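# Descriptive structure summary
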Amino acid sequence: MADPAAPPPAAHYTPATLRPDNNIGLLMKRALQSMRQTIDRELVPHDLTQAQWLPLVRIAHGGCTTIAALARDQSIDPGAMTRAVDRLEAKGLVRRERSAADRRVVTLVLTPAGQAAAALVPPVAVQVLNSHLAGFSADEWQQLVSLLTRVLANGDALRDPAREPA
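Since the model is a prediction, treat every value here as computed from it, not as a measurement. (Residues numbered from 1 in each chain as written. Predicted model: local features only at pLDDT ≥ 70, side-chain atom pairs only at ≥ 80, totals over all residues. Heavy atoms only, no water.)

## Some remarks on the packing of helix α2 (residues 50-60) against helix α3 (residues 67-74)
Stated precisely, the cut-off is as follows: Orientation is described by axes fitted as lines to C-alpha atoms, over the contacting stretch for helices, and by angles from 0 to 180 degrees between their N-to-C directions. Secondary structure elements follow DSSP: runs of H or I no shorter than four residues count as helices, runs of E no shorter than two count as strands, and numbering proceeds from the N terminus. For any helix crossing, the convention is left-handed if the near helix is rotated counterclockwise from the far helix by under a right angle, and right-handed if that rotation is clockwise. Should any heavy atoms of two residues lie within 4.5 Å, those residues are considered in contact. When residues are sorted by character, Ala, Val, Leu, Ile, Met, Phe, Trp, Tyr, Cys and Pro go into the nonpolar class, Asp, Glu, Lys and Arg into the charged class, and all the rest, Gly among them, into the polar class.
For the pair α2 and α3, the least separation of the axes is 11 Å and the interaxial angle reads 115 degrees. Crossing geometry of α2 relative to α3 is assigned as right-handed. Contacts from Leu 54, Pro 55, Arg 58 and Ile 59 in α2 reach Leu 70, Asp 73 and Gln 74 in α3. Tallied by class, residues from the contact of α2 with α3 come to 4 nonpolar, 1 polar and 2 charged.

## Some thoughts on the packing of helix α1 (residues 24-43) against α2
For clarity, the threshold we go by: Any angle from 65 to 115 degrees is called roughly perpendicular, while one under 35 is roughly parallel, one over 145 is roughly antiparallel, and all others are oblique.
Following both chains from N to C, one finds α1 and α2 inclined at 95 degrees, their axes separated by 10 Å at the closest point. Between α1 and α2, the angle is such that the two are roughly perpendicular. Residue-level contacts link Arg 36, Ile 39, Asp 40 and Leu 43 of α1 to Gln 50, Trp 53 and Leu 54 of α2.

## Describing the environment of Ala 116
Keep this limit in mind: In this scheme, a residue with accessible area under 20% of its type's maximum is buried, one over 50% is exposed, and one in between is partly exposed, where area comes from a 1.4 Å probe on protein chains only.
With respect to the helices and strands, the residue Ala 116 is situated in helix α5 (residues 112-132). The class for Ala 116 is partly exposed, based on a relative accessible area of 47%. Spatially, the C-alpha atoms of Ala 116 and Leu 93 are 8.8 Å apart, while their sequence positions differ by 23 residues.

## A few points about a nonpolar patch on the surface
What counts, and what does not: What goes into a patch is any residue over 30% in relative accessible area without a salt bridge, connected to like charges within 9 Å or, for nonpolar side chains (Val, Leu, Ile, Met, Phe, Trp, Tyr), within 5 Å. In this description, accessible areas are obtained by the Shrake-Rupley approach with a 1.4 Å probe, and a residue is regarded as covered only by the protein chains that are shown. By definition here, a salt bridge exists when the distance from a side-chain nitrogen of Lys or Arg to a carboxyl oxygen of Asp or Glu is within 4 Å.
Together, Tyr 13, Leu 18, Ile 24, Met 28, Phe 136, Trp 141, Leu 144, Val 145, Leu 148 and Val 151 make up an exposed nonpolar region whose accessible area comes to about 800 Å². Elements represented by at least two residues in the nonpolar patch include exactly α1 and α6 (138-159). In terms of residue count, the dominant contributor to the nonpolar patch is α6 (5 residues). Relative to the elements of secondary structure, Leu 144 occurs in helix α6.

## Observations concerning the environment of His 132
What counts, and what does not: Contacts described as polar in this section are N or O atom pairs within 3.5 Å, which, within protein, must combine one atom able to donate a hydrogen with one able to accept it, while residues neighboring in sequence count only if both atoms come from side chains.
With respect to the element layout, His 132 can be found in helix α5. Under the relative-accessibility criterion, His 132 is labelled partly exposed at 29%. Spatially, the C-alpha atoms of His 132 and Ala 31 are 8.5 Å apart, while their sequence positions differ by 101 residues. Sequence-distant contacts of His 132, defined by excluding residues within four places in its chain, comprise Ser 34, Met 35 and Thr 38. A distance of 2.7 Å separates polar atoms of two side chains, one belonging to His 132 and the other to Ser 34.

## Description of the pattern of salt bridges
In this structure the tally under the stated criterion is 8 salt bridges. We note a salt bridge from Arg 96 to Asp 86, for which the minimum N-O separation is 2.8 Å. Here the residue Arg 96 occupies a position in strand β1 (residues 94-98), and Asp 86 occupies one in helix α4 (residues 78-90), the gap between them amounting to 10 residues. Overall, Asp 86 belongs to the partly exposed group, its relative accessible area being 37%. Where salt bridges share partners, they join Asp 86, Glu 89 and Arg 96 into one cluster.

## Focus: the nonpolar core
Rules: Within this scheme, the nonpolar core is defined by two criteria: the residues are buried Ala, Val, Leu, Ile, Met, Phe, Trp, Tyr or Cys, and they are joined through side-chain atoms within 4.5 Å.
Leu 56 and Val 94 are the most contacted members of the largest nonpolar core, which has 27 residues in total. When neighbours within four sequence positions are excluded, Leu 56 is seen to be in contact with Leu 48, Leu 88, Leu 93, Val 94, Leu 110, Gly 114, Ala 117 and Ala 118.

## Focus: the side chain of Thr 38
Note that Thr 38 resides in helix α1. Accessibility expressed as a relative area gives 15% for Thr 38, which makes it buried. Excluding residues that lie within four positions of it along the chain, Thr 38 makes contacts with Val 128 and His 132.

## Topic: the confidence of the model for the protein
To keep things clear, this is the line we draw: For every residue, the predictor states its confidence as a pLDDT score lying anywhere from 0 to 100.
Per-residue confidence for the protein gives a mean pLDDT of 90; residues scoring 70 or more make up 93%. Mean pLDDT values for the elements of the protein range from 92 in α2 up to 96 in α5.

Right under this line is the structure:
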């Protein structure tokens, strides 16, 4: 049931006005694809693909240290994530360690080579993000971040009715 205190949904779109050039979902997806493809191109000399560098960075930052957490974070099937981690392990970038607190939990840890590979990504990501933001003022960039944060908060509220929309 909808929260009566929640603001009503916006009415910016109608079936007649929704087009690929004004659909924010499609535009965000295309922008993200462009950024990821550009990062991939820059990381070719290091033999890293998105399926590899993204988990490495997430593990390095400590936010995702299990296959299940990585799969949720990247919205992909746990089986596909297991195969990706298998490839990272075969390349010597990641190792699996059993948790001392709970033997059922397998934690993902970067090897020294994995740490070095993960460290390659942020400078490339910074260059790619800044290139995609060419012509934006600092205020426009902050506004974009704020607006996207609100869109995400509204999406979170739709998934979890206990959360308030932005």
